[in-house]
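Take a look at the letters that make up each chain.
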Amino acid sequence: MNEREIEDIDRAYFFNLFESKGVGDVKHILSRVKSCISDSMNQILTASYIDAEIAEALKGMGPTKASSFDGFPTIFYQKFWHIIGKDTSEFCLDVLNHGHSLDEINRTQLVLIPKTANPINLKNSHPISLCTVIYKIIAKSVANRLQKSEFVPGRLIIDNVLLAYEVLHSFKNKRSGRKCFMALKLDMSKAYDRVEWPFIKGVMSKLGFADGFIDFIIYCINSVQYSILINSEEGLSFRSTRGMSALMRLACHKGKICGAKVCRASPSITHLMFVDDCILFGEVSNRGISVLKEILRECEVCSRQCVNFEKSTVLNVRCSIDPEKYLGLPNMVGQKRKLAFQYLKDRLKQKINS
């Protein structure tokens, strides 16, 4: 098989992955999404960008990340900012403040890195997206502003890790009561690639984001051009046509499911969301499992996100009574619990110091 045939197969795979399959009726899934973006937050998010924000975004980027088709890595812009900074800032600000076209820079090369020694299909390869540094600066400027708003006030993913293992610990030490509870660890298959753009727009609108901010985010994700890079040779470009927790809250509100409790006085926890996977907690019963299956089915129809059953645990997939690790962290049960908490504290300190 020559390089052209390989490139055709790869392009067909990703084109199918990125192709829109349409969405179902999202009114039900959005009915439990609460508006949390205030007018003051929107004013911050939609205010004109300034040179200092562009420089801050560049400073926060890794200097040696792989470069895209233009061949200029981040360290080039950082070292020679005194020479090219003015022109680069002007271009970025034209895009952010005046709607300048992204077509010149929003190009992404996909490089496939094998996950195994002898990959037999594309699922055995990890795609690395090579974007231009200028586009990364623009995207990071938006991300920095969103992070500074009250929308994400001091949140750390490690909080959910601690909660997850507290619930697992309570499961293991449960000695009374007739009800049994389960934890479903779900891995979402190609979480960011499969989600439909109308669903993203609908969720952001329900959260209360300003139309101008939403339109810019959608423009960023639907203007990108992809190409496959094989042995330093770039193939033909193509475009993407698309990119739970609300359903869990809705089911809990209607009394269809009951979450897990660490103790009697604690709040009920039905789900914990991470980057591209989540943990669902529910009662071990035919009704409880049926409700969770229906939630997953509706979530897939509305957003086109689907569960990767090969990497998920329980729910007709594969069982795990006592998983040794989750998210790369040791299990917090039994004698290991104190060591695990110390490990998490050390990781938290490293995160803060970095």
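Look a little higher up for the structure.
Please read all numbers here as calculations on a predicted model, not as lab measurements.

What counts and how
Residues numbered from 1 in each chain as written. Predicted model: local features only at pLDDT ≥ 70, side-chain atom pairs only at ≥ 80, totals over all residues. Heavy atoms only, no water. Helix = DSSP H or I, 4+ residues; strand = E, 2+ residues; numbered from the N terminus. Buried < 20%, exposed > 50% of the residue type's maximum accessible area, 1.4 Å probe, protein only. Areas by Shrake-Rupley, 256 points an atom, 1.4 Å probe, with all protein chains shown as cover. Core = buried A, V, L, I, M, F, W, Y, C linked by side-chain atoms within 4.5 Å. Contact = heavy atoms within 4.5 Å. Polar contact = N/O pair within 3.5 Å; in protein donor to acceptor, adjacent residues only side chain to side chain. Phe/Tyr/Trp six-rings, centres within 6.5 Å; stacked < 30°, edge-to-face > 60°. Arc of directions from axis to C-beta. Axes fitted to C-alpha atoms, helices over the stretch in contact; angles between N-to-C directions. Parallel < 35°, antiparallel > 145°, perpendicular 65-115°, else oblique. Left-handed = near helix turned anticlockwise from the far one by under 90°. Nonpolar A, V, L, I, M, F, W, Y, C, P; charged D, E, K, R; others polar. Salt bridge = Lys/Arg side-chain N within 4 Å of Asp/Glu carboxyl O.

Draft legend 1. Structural detail: the overall build of the protein chain. A tally of helices and strands in the protein chain yields 14 helices and eleven strands. The burial tally for the protein chain puts 39% of its 354 residues in the buried class. When the accessible surface of the protein chain is summed, it comes to about 20,400 Å², and 55% of that surface belongs to carbon and sulfur atoms.

Draft legend 2. A look at the nonpolar core. One finds Ile137, Ile138 and Phe209 to be the most contacted residues of the largest nonpolar core, which totals 36 residues. Those elements that provide at least two residues to this core are α2 (27-30), α3 (39-46), α4 (51-59), α6 (81-98), α7 (133-148), α10 (197-207) and α11 (211-222). Apart from the residues lying within four places of it in its own chain, the contact partners of Ile137 are Ile54, Ala57, Leu58, Met61, Thr88 and Cys92. Membership of the second largest hydrophobic core comes to twelve residues, among which are Met182, Met248, Ile295 and Leu296.

Draft legend 3. View of the environment of Lys256. The residue Lys256 is located in the loop between α12 (245-253) and β7 (271-273) in this model. Between the alpha carbons of Lys256 and Leu292 there is a distance of 9.5 Å; along the sequence they are 36 residues apart. For Lys256, the residues in contact, after removing those within four places along its chain, are Ala251, Arg287 and Val291.

Draft legend 4. View of the side chain of Ser227. With respect to the helices and strands, the residue Ser227 is situated in strand β4 (residues 225-230). Within polar-contact distance, the side chain of Ser227 engages the side chain of Glu234 at 2.7 Å. Setting aside residues up to four positions removed in sequence, Ser227 forms contacts with Thr108, Gln109, Leu110, Glu234, Gly235, Leu236, Ser237 and Phe238.

Draft legend 5. Focus on the packing of aromatic side chains. Enumeration according to the criterion identifies four aromatic pairs in this entry. With 5.4 Å between their ring centres and 45° between their planes, Phe76 and Phe80 make a pair best called tilted. Classification of Phe76 as partly exposed rests on a relative accessible area of 25%. Look at Phe80 and you get partly exposed, because its relative accessible area is 39%. Look at Phe209 and Phe213: their rings are 5.4 Å apart centre to centre, the planes differ by 20°, and that puts the pair in the stacked class.

Draft legend 6. Looking closely at α4. Listed in full, the buried residues belonging to α4 are Glu53, Ile54, Ala57 and Leu58. Buried residues of α4 fall within an arc of 135° about the axis and therefore sit on the same side. Among the exposed residues of α4, those oriented more than 90 degrees off its buried face are Ala52 and Lys59. Those residues of α4 hidden inside the fold are in contact with α5 (74-79), α6 and α7.

Draft legend 7. Spotlight on the packing of α10 against α11. The interhelical angle for the contact between α10 and α11, taken along N-to-C directions, is 160°, at an axis separation of 10 Å. Regarding the angle of α10 to α11, the classification is roughly antiparallel. Of the two possible hands of crossing, α10 and α11 adopt the one that is right-handed. Across from Trp197, Ile200, Lys201, Met204 and Ser205 in α10, the residues of α11 making contact are Phe213, Ile214, Asp215, Ile217, Ile218, Ile221 and Asn222. Classifying every residue of the contact of α10 with α11 gives eight nonpolar, two polar and two charged.

Draft legend 8. Spotlight on the pattern of salt bridges. For the coordinates displayed, the defined rule picks out five salt bridges. Lys86 is the salt-bridge partner of Glu90, the closest N and O atoms lying 2.8 Å from each other. In this pair, Glu90 and Lys86 are both assigned in helix α6, four residues apart and thus about one turn of the helix distant. Its salt-bridge partner being Lys201, residue Asp215 comes within 4.0 Å of it at the nearest N-O pair. On the criterion of sequence distance, the pair formed by Asp215 in helix α11 and Lys201 in helix α10 is long-range, its members being 14 residues apart.

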